[in-house]
Amino acid sequence: MATLSLRNIKKVYDNKVTAVDDFNLEIADKEFIVFVGPSGCGKSTTLRMVAGLEDISGGELYIDGKLVNDVAPKDRDIAMVFQNYALYPHMSVYENMAFALKLRKTPKKEIDQKVREAAEILGITEYLNRKPKALSGGQRQRVAIGRAIVREPKVMLMDEPLSNLDAKLRNEMRAEIIKLRHRINTTFIYVTHDQTEAMTLGDRIVIMKDGFIQQIGTPQELFNHPANLFVATFIGSPQMNLFDAELKKTQGRYSVVIDGVEFPFSEEKQAQFKAAGVEPQAVKFGIRPEHITLCKEGETGPQLQATVDVSEMMGSSIHLHGNVNGRDVVLVLQTVDLPAEHQLGFKYGEEIRIAFNTNLMHLFSAETGTNLI
């Protein structure tokens, strides 16, 4: 149960490499924050600075209003769950979970109560007498989480805890962590490179690249209003389609031209462009695969012609990979909305015509990559 304040946090290693720069974040009590980004972006380094496992080169870290830059890890009231479980192989599950409490000289009765409560929450009661080597990867990760829970820390730190598990187990453990956060009153900071984990777990997500924060927001904010091209293509699966395009302004009305076809914007977008004072310019046009529509025979309005390359049947939807004038484009089409001849897929080389939901288009500066509105 803690608030955290990271103010201008910086990490520079001895070889003068800057791993994290000007990191600013306010975390509310009991909030679930996810740090996400590609390998080497600085997310784990930031987590380790919060834990006290890495020295802070610059800036200030506060936990519950107390400056903790020079406070030892053991005195920060923080628990950490690692990617590789870090269990003691010679100890039973019970002993692993009880170890930190024994070091604190907690009474045996209290230790037993806390260990059994945590085991019940995580569904590992039947494994308490087993050694870690007799457990599956998912069970070991539950033990590692249980060991952290019993300490009742103010802050729970998790560093890619699911990355060693297979896809099915990852999904199961993700659901377990969601349930867990509702059962224990703790502030969570979770590190992952998996945007699906970030989107499903986080109250807010911090997207990082090259040591800098790119954007902070709720999963929906990041999906609907990406701040730049990096966020736009990192969040969402399949990722956003991008086209080289030209933003036009004619008699006060905005439109975008792609391959010679002019697409006018919705009234909502027109108002946003006007309010932001956006000028005509070269742009990167972005549209998510879910927001591209397949045109029916005889349908009018601005359209682009595409040739089908790959048709992936996903059950409830089809992921359609096409080619528009040498440029790859991906559509996600719901099978129930398709005509009968296409409900099992599309043929290679088939010609299709596509249009865009004009209220769900994104425009980024071709020069800076930032979202124009």
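Note that the structure is predicted; figures quoted are calculated from it, not measured.

**Q** What's the story with the sheet that holds strand S8 (residues 187-192) in this structure? I'm lost.
**A** The strands making up a sheet associate through backbone hydrogen bonding, with each pair oriented either parallel or antiparallel. One open sheet holds the 6 strands; their spatial order is S6-S7-S8-S3-S9-S10, and the pairing between them is mixed. Each having just a single partner strand, strand S6 (78-81) and strand S10 (212-217) make up the two edges of the open sheet. Taking the axes of each pair of neighbouring strands and ignoring which way they run, one obtains an average angle of 15° across the sheet. The pairing of S6 with strand S7 (residues 155-159) spans 4 bridges and is classified as parallel. In the strand pairing of S7, Val81 is matched with Met158. Here helix H5 (residues 167-183) sits on the sheet and contacts strand S3 (32-36), S7 and S8; the angle it forms with S8, its principal contact strand, is near 160°.

**Q** Honestly, the packing of aromatic side chains in this entry has me stumped. Any pointers?
**A** Centre distance and the angle of the planes are the two values used to describe a pair of aromatic rings. Enumeration according to the criterion identifies 11 aromatic pairs in this entry. For the ring pair Phe32 and Phe188, a centre distance of 4.9 Å and an interplane angle of 5° mean the geometry is stacked. Linking Phe32 in strand S3 with Phe188 in strand S8, this pair joins segments that are 156 residues apart in sequence. Phe188 carries the same exposure label as Phe32, and that label is buried. Aromatic pair Phe32 and Tyr190: ring centres 5.9 Å apart, planes at 40°, arrangement tilted. Of this pair, Phe32 sits in strand S3 while Tyr190 is found in strand S8, placing the two residues 158 residues apart along the sequence. As far as the burial class goes, Phe32 and Tyr190 line up, both buried.

**Q** Got a minute to help me understand the layout of surface pockets in this structure?
**A** There is about 570 Å³ of room inside the largest pocket. At the level of secondary structure, the elements contributing two or more residues to the lining of the largest pocket comprise S6, helix H2 (93-103) and helix H4 (137-149). In this structure, the second largest pocket encloses a volume near 460 Å³. As for the second largest pocket, its lining consists of 22 residues, of which Leu294, Cys295, Lys296, Leu338 and Pro339 are closest to the centre. For the lining of the second largest pocket, the elements supplying multiple residues, two or more each, are strand S15 (292-294), strand S18 (327-334) and strand S19 (351-356). Split into classes, the residues belonging to the lining of the second largest pocket amount to 8 nonpolar, 5 polar and 9 charged.

**Q** Looking at this structure, I do not really get H5. What am I missing?
**A** For an α-helix, the turn length of 3.6 residues means that residues three or four places apart are oriented alike. The terminal C-alpha atoms of H5 lie 25 Å apart, and with 17 residues this matches the ideal 24 Å at 1.5 Å per residue to within 8%. Here the buried face of H5 lies against S3, helix H3 (108-122), H4, S7, S8 and helix H6 (195-201). Between a side-chain oxygen at the N-terminus of H5 and the backbone nitrogen of Lys168 the separation is 3.2 Å; the capping residue is Asp166.

**Q** Honestly, the environment of Ser365 in this entry has me stumped. Any pointers?
**A** For Ser365, the position within the fold is in strand S20 (residues 362-365). On a C-alpha basis, the gap between Ser365 and Thr3 in space is 36 Å, while along the polypeptide they are 362 residues apart.

**Q** So what exactly am I meant to see when it comes to the sheet that holds S18 here?
**A** Across the sheet, which stays open at both edges, the 5 strands sit in the order S15-S19-S16-S17-S18 with antiparallel pairing between neighbours. Whereas interior strands pair on both sides, the edge strands pair on one side only; in this sheet they are S15 and S18. Neighbour-to-neighbour, the strand axes of the sheet open up by a mean angle of 45°, direction not taken into account. Summarising the sheet, strand S17 (residues 317-324) and S18 pair through 8 bridges and their orientation is antiparallel. If you follow His319 over to S18, its bridge partner there is Val332.

**Q** Help me understand the nonpolar core in this model?
**A** It is characteristic of soluble globular proteins that their nonpolar side chains tend to be buried jointly. Judged by nonpolar contacts, the single largest core of 48 residues is most densely connected at Met97, Ile145 and Met156. Of all hydrophobic cores here, the second largest spans 31 residues; its members include Phe263, Val283, Leu333 and Leu372.

About the cut-offs
Residues numbered from 1 in each chain as written. Predicted model: local features only at pLDDT ≥ 70, side-chain atom pairs only at ≥ 80, totals over all residues. Heavy atoms only, no water. Pairing = 2+ DSSP bridges. Helix = DSSP H or I, 4+ residues; strand = E, 2+ residues; numbered from the N terminus. Axes fitted to C-alpha atoms, helices over the stretch in contact; angles between N-to-C directions. Contact = heavy atoms within 4.5 Å. Phe/Tyr/Trp six-rings, centres within 6.5 Å; stacked < 30°, edge-to-face > 60°. Buried < 20%, exposed > 50% of the residue type's maximum accessible area, 1.4 Å probe, protein only. 1 Å grid on protein atoms, 1.4 Å probe; cavity = no way out; pocket = protein on both sides within 12 Å on 5 of 7 lines; lining within 4 Å. Points joined across faces, edges and corners; volume = space filled by probe spheres on them. Nonpolar A, V, L, I, M, F, W, Y, C, P; charged D, E, K, R; others polar. Expected span 1.5 Å × (residues − 1). Polar contact = N/O pair within 3.5 Å; in protein donor to acceptor, adjacent residues only side chain to side chain. Core = buried A, V, L, I, M, F, W, Y, C linked by side-chain atoms within 4.5 Å.

By themselves, these figures tell us nothing about what the structure is for.
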